[in-house]
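# Per-entry structural report
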Amino acid sequence: MHIELQRTNSELEHSLEENTRVRGYLSRILENLPCGVLVINAGGETQIINPEARRLLQVPADWAPRAGNALPDAFEKLIHGTCGSGSTSELEWGVPGSPANRCIGILRANVSRPGDNSNDTIWIVRDTTEEKRLASEREATRRSLALAEVATVLAA
């Protein structure tokens, strides 16, 4: 009986060590992702926010989840305006008061499993300003080429 208890304790200790290792690994991944990640519970409380989300949303470094500190008002309104609509949605958010019309792409997905009452929502945020600028330049180039083609046809 004593030997079996020792073996069980050893297995439990190994399991706890593995759990700690995996949690640390996942935490490092989350901290170094090139996109922002937020997890918000059904009550609207932020559970997780990574450094890139802080940067993109201009959340102060001293802000802590569940400390009563709010995310930027415009983002809070966006969160509460889209939480109930479907399991996944994608939208763009023009950052109010930002220079150069900064735009953030937001992907929202429910992370709860059927039968799970947690209703957590994950938000993936990334800066799409440069993508929008490049798309606008491509469209302007396409229009210029089309206009040049029309002018060529008319001149012939």
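Since the structure is predicted, the reported quantities are computational estimates derived from the model, not experimental observations. (Residues numbered from 1 in each chain as written. Predicted model: local features only at pLDDT ≥ 70, side-chain atom pairs only at ≥ 80, totals over all residues. Heavy atoms only, no water.)

Further remarks concern the overall build of the protein chain. Check the secondary structure of the protein chain and you find four helices and five strands. For the protein chain, the succession of helices and strands along the chain, N to C, is α-β-β-α-α-β-β-β-α. The buried share of the protein chain, reckoned over its 156 residues, is 24%. Look at the contacts in the protein chain between residues 6 or more apart in sequence, and 36% of them connect residues 24 or more apart. Carbon and sulfur atoms form 56% of the exposed surface of the protein chain, whose accessible area is close to 11000 Å². (Helix = DSSP H or I, 4+ residues; strand = E, 2+ residues; numbered from the N terminus. Buried < 20%, exposed > 50% of the residue type's maximum accessible area, 1.4 Å probe, protein only. Contact = heavy atoms within 4.5 Å. Areas by Shrake-Rupley, 256 points an atom, 1.4 Å probe, with all protein chains shown as cover.)

Our focus in this paragraph is the nonpolar core. Judged by nonpolar contacts, the single largest core of 18 residues is most densely connected at Leu38, Leu71, Phe75, Trp93, Ile104, Ile106 and Val125. Among the secondary structure elements, those contributing two or more residues to this core are strand E1 (36-40), helix H2 (51-57), helix H3 (73-82), strand E4 (103-110) and strand E5 (121-127). (Core = buried A, V, L, I, M, F, W, Y, C linked by side-chain atoms within 4.5 Å.)

The calculated volume of the largest pocket comes to roughly 190 Å³. Among the residues making up the lining of the largest pocket, the classes are represented as two nonpolar, one polar and two charged. (1 Å grid on protein atoms, 1.4 Å probe; cavity = no way out; pocket = protein on both sides within 12 Å on 5 of 7 lines; lining within 4 Å. Points joined across faces, edges and corners; volume = space filled by probe spheres on them. Nonpolar A, V, L, I, M, F, W, Y, C, P; charged D, E, K, R; others polar.)

A word on the confidence of the model for the protein chain. Per-residue confidence for the protein chain gives a mean pLDDT of 83, with 85% of residues at or over 70. When mean pLDDT is compared element by element in the protein chain, helix H1 (residues 2-32) scores highest at 93, while H3 scores lowest at 70. (pLDDT = per-residue confidence, 0-100.)

Moving on, we come to unusual backbone geometry. The phi dihedral of glutamine 58 falls on the positive side, at around 55°, and the residue is not glycine. On the secondary structure map, glutamine 58 appears in the loop between H2 and H3.

Side chains that differ in charge, positive against negative, can pair when their charged atoms come close. Under the criterion given, the structure shown has ten salt bridges. The closest approach of N and O atoms between glutamate 52 and arginine 55, which form a salt bridge, is 2.7 Å. Of this pair, glutamate 52 and arginine 55 both sit in helix H2, three residues apart, roughly one helical turn. The exposure class of glutamate 52 is buried, given its relative accessible area of 16%. (Salt bridge = Lys/Arg side-chain N within 4 Å of Asp/Glu carboxyl O.)

Turning our attention to the side chain of asparagine 50. Its place among the elements puts asparagine 50 in the loop between strand E2 (46-49) and H2. Within the structure, asparagine 50 has its side chain in polar contact with the backbone nitrogen of valine 37 (distance 2.8 Å). When residues no more than four places from it in sequence are discounted, the contact partners of asparagine 50 are Leu30, Leu33, Cys35, Gly36 and Val37. (Polar contact = N/O pair within 3.5 Å; in protein donor to acceptor, adjacent residues only side chain to side chain.)

One face of the sheet, then the other: side chains in a regular strand alternate in exactly this way. In this sheet, E5 lies alongside E1 in antiparallel orientation, the contact comprising five bridges. Paired with glycine 36 across the two strands is valine 125, which belongs to E5. Where E4 meets E5, seven bridges bridge the pair, whose relative direction is antiparallel. Following the sheet pairing, isoleucine 104 is matched in E5 by aspartate 127. (Pairing = 2+ DSSP bridges.)

As for its position among the elements, threonine 121 is in strand E5. Here threonine 121 falls in the buried class, since its relative accessible area comes to 5%. Once you skip the residues sitting within four places of it in the chain, threonine 121 turns out to touch Leu38, Val39, Ile40, Arg108, Ala109, Asn110 and Val111.

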